[in-house]
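# Chains, contacts and geometry: an overview
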Amino acid sequence: MVQSHPFIDKPKAAAALLLMLALLLLAGCGAKNASDSARKQDRPAYVSKGDEGTIIGKVVFAGTPPPLEAINMTGDAVCAAAGDSSPDVVVINNGRLKNVFIYVRGASVDDFRFPTGGPVTLDQKNCRYVPHVLGVQTGQIVRISNSDQTDHNVHPTPKKNQGFNISQAHGDAPLERVFDNQEVMIPVQCNQHNWMRANIGVLDHPFFAVSGDDGSYSIKNVPPGDYTLVFWHEVFGEQSMSVKVAPRGTATQDAEFKPDANGKPATFLRVAPTIVAP
Amino acid sequence: MSSPVHTSVDARPNRGLHLFAIFVAVLTVVLLLAGALVTSNEAGDSVPDWPLSFGRWLIASQRFNGGVRYEYSHRFIAGAVSFATFILALWAWFGDHRKWVRRFALLVFAGILGQAAIGGVRVLFPAYKPLIAVPHALIAQSFFGAIVAIAVFTSQSWFARHDMKPDGGGLALRRLTALSLGCVLGQLVLGAAFRHGAFGILPHALGAVVVAAVVGWTAVATLRRHANDRYLARPAWLLIVLLATQVTLGVLAYITRMAVAGQPLAGVGDFFARLQLAPLPSLSLQQPVEPMISLTAAHLVVGALTLATVVVLTLRTYQVLTPQPDMVESGANALASSPRKAAV
């Protein structure tokens, strides 16, 4: 005599579960961010009056940075042979913070269309992304190359742009990609080498910079006007402040990051902007 | 309390099938561990194509480095488990006289195929990682529970004649064990959702309290009511050990994860203050490191073993405890004595 069992004979329940899962996946895959490139094209082209200014400054770090161990590259002999195992998500040289992405927001730039620059390169060298932080304009070509003798996969995970995950073996030709929508920032990771991280800031305009080894930055040819200057760091977060660019003037704006008493990433101390008349 | 095994030829358990089910269960634990290592090492997208890997079934040795080691090993072991499950389903179909066991084994095989497909979707649509990875994790654990159930159904002890006892003395154990099973599965979902960045640790931490209470209650109630029945007491004792281990591993995994994420905890008060709903911005600042990787993987495996033990206790409870005090013969015992020829 064959008997059914009370708690496993539920094929309908299993089928319903699978159907729900499939519907969830379809709903997720169908959701796409609308491109704002059309809106960008509707704006008038910016016409230079020859009175553009500059924003300069430096980013300093006060206090003790978060402890970061040396990178373990032993998973890939080629990478381990590269030698440099210093962390690159937080780089502080003599109290100056590197790899801060700085950009402006304001009607003087947001209401116009600016010409797109030439291709920018994101290289994979010594099992690092070079540069670690990169700014590009919407529609600008990002050329991704692999200078290493090992394989990588290039995996940006944007929220407002089309993501991709492409394997790039050593010797492969560079990949070229563009991002259509403004997004600050797009994390990039190599899943083959889990320490390899980069960040790409995508803006409609070209008024951005990345702080260098000495924490300094410079944003040139900025149309005169009042702006919000945004400082973004992948560990210490984003903060903003006001800055005014006078015709042909140079505005100096320093910034300081500082960890809080609990050792959490950071609070941001505002520094009063300095306006330098021409 | 157990008594001697049936002597009827038709009701004899298929020992080979049982041993093979245990083998598949062990292999599945290895697969779960491999999957845990993929996630902990952030290697889930290291092989961008699927079902092939870099366009091949067997990758070149020079490709087998970095994160590819974890992802490709996971795929390889998953293939082995799928094949073993196919053999198990085939063996059950031709080697077990119970129609429901044969159907169940077939359903489990369909489950592993579906799971493989979801794993493929996870690879091909990396932007929808939490949405896909969480069901992938749930089905993985459920599959493991189902394989353990097959091992139970084919075991000698399942076929042995048991003295039927009323399920009394408070809240029925049949209900408690079923509740425990639901709670553990729910907790696995919450853990996977935290791990894959759907939300923060708070739901999983609250779930841990609920699971500890319900599963602990179930185990203690089992021991208090059936301390002399090893058939029920053994999994209950094991459950208590696993529960304590799991909570300890969970706390340690969380502490080390926060440190790796650049937010080290500063004492007990800070531990509770950081139980938040918002997900961590990233798994790690620079790269995942030990002991976080091992602790998290161990936490996942012990979670799976906890689920397996709850499955065993639930099945045995339903087998030997009658819902009404006057009931003397359970359906499970009747199943064990059903003629083999009727099912083949």
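Note: the structure precedes this text.
Here's what I pulled together on the structure shown here.

Quick notes on the rules
Residues numbered from 1 in each chain as written. Chains lettered and ligands numbered in written order. Predicted model: local features only at pLDDT ≥ 70, side-chain atom pairs only at ≥ 80, totals over all residues. Heavy atoms only, no water. Pairing = 2+ DSSP bridges. Helix = DSSP H or I, 4+ residues; strand = E, 2+ residues; numbered from the N terminus. Axes fitted to C-alpha atoms, helices over the stretch in contact; angles between N-to-C directions. Buried < 20%, exposed > 50% of the residue type's maximum accessible area, 1.4 Å probe, protein only. Contact = heavy atoms within 4.5 Å.

Attention shifts here to the sheet that holds strand β14 (residues 208-210) of chain A. Residue and element names in this part refer to chain A. Read across the open sheet, the four strands follow the order β14-β4-β16-β17; overall the sheet is antiparallel. The sheet terminates laterally at β14 and β17 (237-245), the two strands that pair on one side only. Neighbour-to-neighbour, the strand axes of the sheet open up by a mean angle of 20°, direction not taken into account. With nine bridges joining them, strand β16 (residues 225-233) and β17 adopt antiparallel strand pairing. Bridge pairing in β17 links F231 to Q239.

Attention now moves to the pairing of strand β4 (residues 101-105) of chain A. A regular strand places its side chains on the two faces of the sheet in alternate fashion. Residues and elements named next belong to chain A. Within β4, four of the five residues are buried, which leaves it mostly tucked inside the rest of the structure. By the bridge criterion, three bridges tie β4 to β14 in an arrangement that is antiparallel. Each bridged residue has a counterpart across the sheet, and for I102 the counterpart in β14 is A209. One ladder, built from five bridges, connects β4 with β16; its direction is antiparallel. Note on β16: the bridge partner recorded for Y103 is V230.

Take the environment of A172 of chain B next. Residues and elements named next belong to chain B. Locating A172 in the fold gives a position in the loop between β1 (165-166) and α6 (173-195). Between the C-alpha atom of A172 and that of L206, which follows or precedes it by 34 residues, the distance is 25 Å. Filtering out sequence-adjacent residues up to four positions away, A172 remains in contact with D167 and R225.

Looking now at unusual backbone geometry. Looking along the chain, the bond that leaves V184 of chain A and enters M185 of chain A is cis, with omega of 5°. Secondary-structure assignment places M185 of chain A in strand β12 (residues 183-189). With an omega dihedral of 5°, the bond running from E290 of chain B to P291 of chain B counts as a cis peptide bond. Looking at the element boundaries, P291 of chain B is found in the loop between α9 (268-273) and α10 (292-320).

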